[in-house]
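# Understanding the architecture of this molecule
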Amino acid sequence: MKLQTLAKAAALVLAIASTLAAPAAYGQAKEQFFPLLSYRTGPYAPNGVPWANGKQDYLKMINARDGGINGVKITYEECETGYATDRGVECYERLKSRPGVSLFDPQATGITFALTEKAPNDKVPLITVGYGLSVAQDGQAFKWNFPLLGSYWTGADILIQHLGKKEGGLDKLKGKKIALVYHDSPFGKEPIPLLEERARELGFDLQKIPVTAPGVEQKSAWLQVRQSRPDYVLLWGWGVMNSTALKEAQATGYPREKMYGVWWAGAEPDVKDVGEGAKGYNALALNTAGTQPKVIQDILKYVHDKGQGTGPKDEVGSVLYTRGVIIQMLGVEAVRRAQERFGKGKVMTGEQVRWGLENLALDQKKLDALGFAGVMRPISTSCADHMGSTWARVETWDGAKWNINSDWYQADEQIIKPLVKAGAEKYLNDKKMTRRAASDCQS
Amino acid sequence: MFYRENGQFKTSYRADQQIFPIRQDRIAMALFMLFAIAVVPMLASDYLFRAILIPFLIFSLAAVGVNILVGYCGQISLGSGAFMAVGAYAAYNFFVRVDGLPLILALILGGVCAMLFGIVFGLPSLRVKGLYLAVATLAAQFFSDWLFLRVQWFTNNSSSGSVSVNGLQVFGYSLDSPLAKYWFCLLLLSVIALMAKNLVRGAVGREWMAIRDMDVAAAVIGIRPMYAKLSAFAVSSFIVGIAGALWAFLYLGAWEPAAFSVDQSFKLLFMVIIGGMGSIVGSFFGAAFIVVLPIALSQILPAITGLLGMEISTASISHVELMVFGGLIVWFLIVEPHGLAKLWAISKQKLRIWPFPH
């Protein structure tokens, strides 16, 4: 190697080092920054992409339509995690110290677990709409986590309620066989404690069938289903696992009408490839889909019609896209709520946004004004309850689109509350931490 | 001109056998350590510590461990991810189950458990060699995946199978700040790397290398293959286990078995191959290459395209990142099959005769 080459190499190393060191140099925040963790590659990309597009388009729309939040412009940066925890942590470290950083939506259960340990030190809130750590509903134990709108426990409970209703009463579930086909990761394992509790109470037989991540190989799991012929199959999958499970069910001859997915297994990418084969398959619906809501119309008008849309226009309004929009709306509204207390037109810090999340109150009137009429239920959080709403419905795939065909269910507080409390206590004990004092709720 | 050993006479075996026989090397090394301990903390940002330097140190440690097994003893292993996992989960169990156990002791016990695990899964090396051994060690990987996913006891009966630690302390000092973590990792890495360097220079290391170069000939001259191979597995998995515990405790904070998947094993093997087989310093180069380069690429590429006035999506960036990364691996392996450590040795050699090459 010649000296010249050495010099070139040294220059390259210096260049790399200076880019890496660059994030340190930032001034005072004038804009509200939304870090966007996402995955557009890997086995979970088909579901991650619409979600990420929805999150980004909503921010673009708010900037274009309202000029930001009470005049505070929104900036954002996306960071690719590939659903991997270590890359997610790197993204978090990269974006957390940006000026005006508001909150993180990790978009993955594994990343949420890792960030739960880090967020309190860095004073940035985490919102995990419909996923993440179920016990984090207890806001007095988890100050910085916000599993808004639902957790895996509320989801599982609603599914059991729906099955009970179908059978003509929860007591009719006694002696039934219910199989949980789950993604073998914290994501898939989270509902198990609740289902076990329900199985004890109602006397049904819970069968747990794990599927190795990412779930492209499920032959043995469906062989077990075939052998035991459960009355119902609960599908706890994400990404490529869902469509594979439906294809396997088709091959095994297991009726799709008896399969119920979580809300992460109830979007278009999960069933589109299977098409007719997925007809009759049910899943939880956290939100509606479609382009009728005013907010989606606004996104089309202010973002996509100007050619600034993040993804393809025809995917706007799909299930996961709409969920991304909801997630981002909750974040933006939390900032707005915080501004009401800490000063309108100012950039909020992570701590202030946290207060906004904890005091979020979106009644039907506000939702209508925001353009979310019919998309979701009102939500109202408090210091003790970081979830705000535990309502969901059930939808069915008719071969071409998702149809919502049930009433709203609310997760049973009698079941969830003691579980959350016990889980939170265990977490605090293991960590030798204590509950927040009542006075802390004001901060 | 400046880098030559003229006039430095060794008058004892001791002086001749030092790690750095040339005075300039010793000075450079001392300056470098001083730089790493004192100057880096002044320059580095929080992000640089948490996302670059700490992962780099931890993976360097793991790569040193894998290099002992693969580079020095010639036993190709794809079970390194499993050894990391055993180290992490064992340290976790000691840490939460034994009240008041010091962190360092928990890490060492984690390393010891990984060592025992490594010895057990090293047994096939007595019969199978080369690529077949790689496949056999893959069993360790699948076994650990199964163990930590299925046996709830190891994850402290956590319902989700994810475990976490907090409030880490060493001798009363909290390890919450990135600087404390950095120093702690640096200290452990320096101590273990020094021990590893001395091991491979000593009798055991020579036995390992003899086994690597030709095991039949080594056995003929009186080296016991069983002892040599299993000791390599033991030392290697001990170090890898400690690195795994550090990765879980200090970097991730909360983790699941997927954090130590077979990808991690491949990554470690690539670090050793790219950095240089049979070279301690090569492990550092390899770790830097595999850990830092993808992150650097993911930040440099948008900057470059930004300069050109293009805006590309994060998806294309991560695709280009993989392509560039793959291309660089191939390029390095073609230019220097013996790894970055060999490039380092060559440049040192050239520097000795600069500016009058003969």
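Residues numbered from 1 in each chain as written. Chains lettered and ligands numbered in written order. Predicted model: local features only at pLDDT ≥ 70, side-chain atom pairs only at ≥ 80, totals over all residues.

## Concerning the domain arrangement of chain A
Residues and elements named next belong to chain A.
- We note that the domain assignment places domain 1 (31-150 + 292-393 + 427-442) and domain 2 (154-285) within chain A.
- Computed from C-alpha coordinates alone, the two centres of domain 1 and domain 2 are separated by 28 Å.
- On the domain 2 side, the residues contacting the 17 residues of domain 1 number 19 residues.
- Put simply, the parts of the chain that give the side of domain 1 that touches domain 2 at least two residues each are α2 (45-66), α4 (109-122), α12 (319-342) and β12 (391-397).
- Counting residues per element, the side of domain 1 that touches domain 2 draws most heavily on α4, at three residues.
- In terms of residue class, the side of domain 1 that touches domain 2 is made up of eight nonpolar, eight polar and one charged. (Domains from an automatic or database assignment. Contact = placed C-beta atoms within 7 Å. Helix = DSSP H or I, 4+ residues; strand = E, 2+ residues; numbered from the N terminus. Nonpolar A, V, L, I, M, F, W, Y, C, P; charged D, E, K, R; others polar.)

## Points about the interface of chain A and chain B
- Taken together, the contacts link 40 residues of chain A with 40 residues of chain B.
- Contributions of two or more residues to the side of chain A that touches chain B are made by α1 (3-21), β2 (74-80), α3 (85-95), α4, α6 (186-189), α7 (192-202) and α15 (413-431) of chain A.
- Per element, the largest residue contribution to the side of chain A that touches chain B is seven residues, and it comes from α4 of chain A.
- In the side of chain A that touches chain B, the residues fall into 15 nonpolar, ten polar and 15 charged.

## Some thoughts on the nonpolar core
- Counting residues in hydrophobic clusters, the biggest one holds 240 residues, and the most contacted among them are Val181 of chain A together with Ile58, Ala88, Ala91 and Leu246 of chain B.
- A domain-level breakdown of this core finds at least three residues from each of domain 1 (31-150 + 292-393 + 427-442) and domain 2 (154-285) of chain A.
- Each residue touching isoleucine 58 of chain B, except ones within four places of it in the same chain, is listed here: Cys185, Ala243, Leu246, Trp247 and Tyr251 of chain B. (Core = buried A, V, L, I, M, F, W, Y, C linked by C-beta atoms within 7 Å. Buried ≥ 20, exposed ≤ 12 C-beta atoms within 10 Å, placed from the backbone.)

## Describing the pairing of strand β7 (residues 232-236) of chain A
Residues and elements named next belong to chain A.
- Within β7, five of the five residues are buried, leaving the element largely enclosed by the surrounding structure.
- Residues Tyr232, Leu234 and Trp236 point to one face of β7 and Val233 and Leu235 to the other, with burial holding for every one of them.
- Sheet topology note: the β7/strand β8 (residues 259-261) ladder contains three bridges and is parallel. When the sheet's bridge partners are listed, valine 233 is paired in β8 with methionine 259. (Pairing = 2+ DSSP bridges.)

## With respect to the pairing of β12 of chain A
Residue and element names in this part refer to chain A.
- Burial within β12 is extensive, with five of its seven residues counted as buried.
- Two strands pair when backbone bridges link them, and strand β9 (residues 282-285) and β12 are joined in this way by four bridges, in the antiparallel orientation. Note that in β12 the partner of alanine 283 across the bridge is glutamate 395.
- Looking at chain direction, β12 and strand β14 (residues 409-410) are connected through two bridges and run antiparallel. Bridging across to β14, tryptophan 391 finds its partner in glutamine 410.
- One ladder, built from three bridges, connects β12 with strand β13 (residues 402-404); its direction is antiparallel.

## Considerations on helix α9 (residues 240-252) of chain A
Residues and elements named next belong to chain A.
- The end-to-end C-alpha distance of α9, which contains 13 residues, comes to 18 Å, matching closely the 18 Å that a straight helix rising 1.5 Å per residue would cover.
- Taken together, the buried positions of α9 are occupied by Val240, Met241, Asn242, Ser243, Thr244, Ala245, Leu246, Glu248 and Ala249.
- Within two residues after α9, glycine 253 carries a phi angle of roughly 85 degrees, on the positive side. (Expected span 1.5 Å × (residues − 1).)

## Structural notes on the packing of α12 of chain A against helix α13 (residues 350-358) of chain A
All names here are of chain A.
- Where α12 meets α13, the axes come as close as 7 Å, and the angle between the chain directions of the two elements is 105 degrees. Put simply, α12 runs roughly perpendicular to α13. Contacts between α12 and α13 pair Ala334, Val335, Arg337, Ala338, Arg341 and Phe342 from the former with Gln352, Val353, Trp355, Gly356 and Leu357 from the latter.
- The residue inventory of the contact of α12 with α13, partitioned by class, reads seven nonpolar, two polar and two charged. (Axes fitted to C-alpha atoms, helices over the stretch in contact; angles between N-to-C directions. Parallel < 35°, antiparallel > 145°, perpendicular 65-115°, else oblique.)

## Considering unusual backbone geometry
- Of the consecutive residues alanine 213 of chain A and proline 214 of chain A, the connecting peptide bond is found in the cis state with omega at 0 degrees.
- With respect to the helices and strands, the residue proline 214 of chain A is situated in the loop between β6 (205-211) and α8 (219-228).
- One non-glycine residue, asparagine 156 of chain B, lies in positive phi territory at about 55 degrees.
- The residue asparagine 156 of chain B is located in the loop between α6 (130-150) and β1 (163-164) in this model.
- Since 15 C-beta atoms lie within 10 Å of it, asparagine 156 of chain B is described here as partly exposed.
- Positive phi values are uncommon outside glycine, yet asparagine 157 of chain B reaches one of about 55 degrees.
- Position of asparagine 157 of chain B among the secondary structure elements: in the loop between α6 and β1.

## Brief notes about the packing of helix α4 (residues 80-97) of chain B against helix α11 (residues 262-275) of chain B
Residues and elements named next belong to chain B.
- Contact pair α4 / α11: the axes reach a minimum separation of 7 Å and the direction vectors enclose 115 degrees. Side by side, α4 and α11 meet where Ser80, Gly81 and Met84 of the first sit next to Val262, Gln264, Ser265, Leu268 and Leu269 of the second.
- Each residue belonging to the contact of α4 with α11 can be placed in one class, and the counts come to four nonpolar, four polar and no charged.

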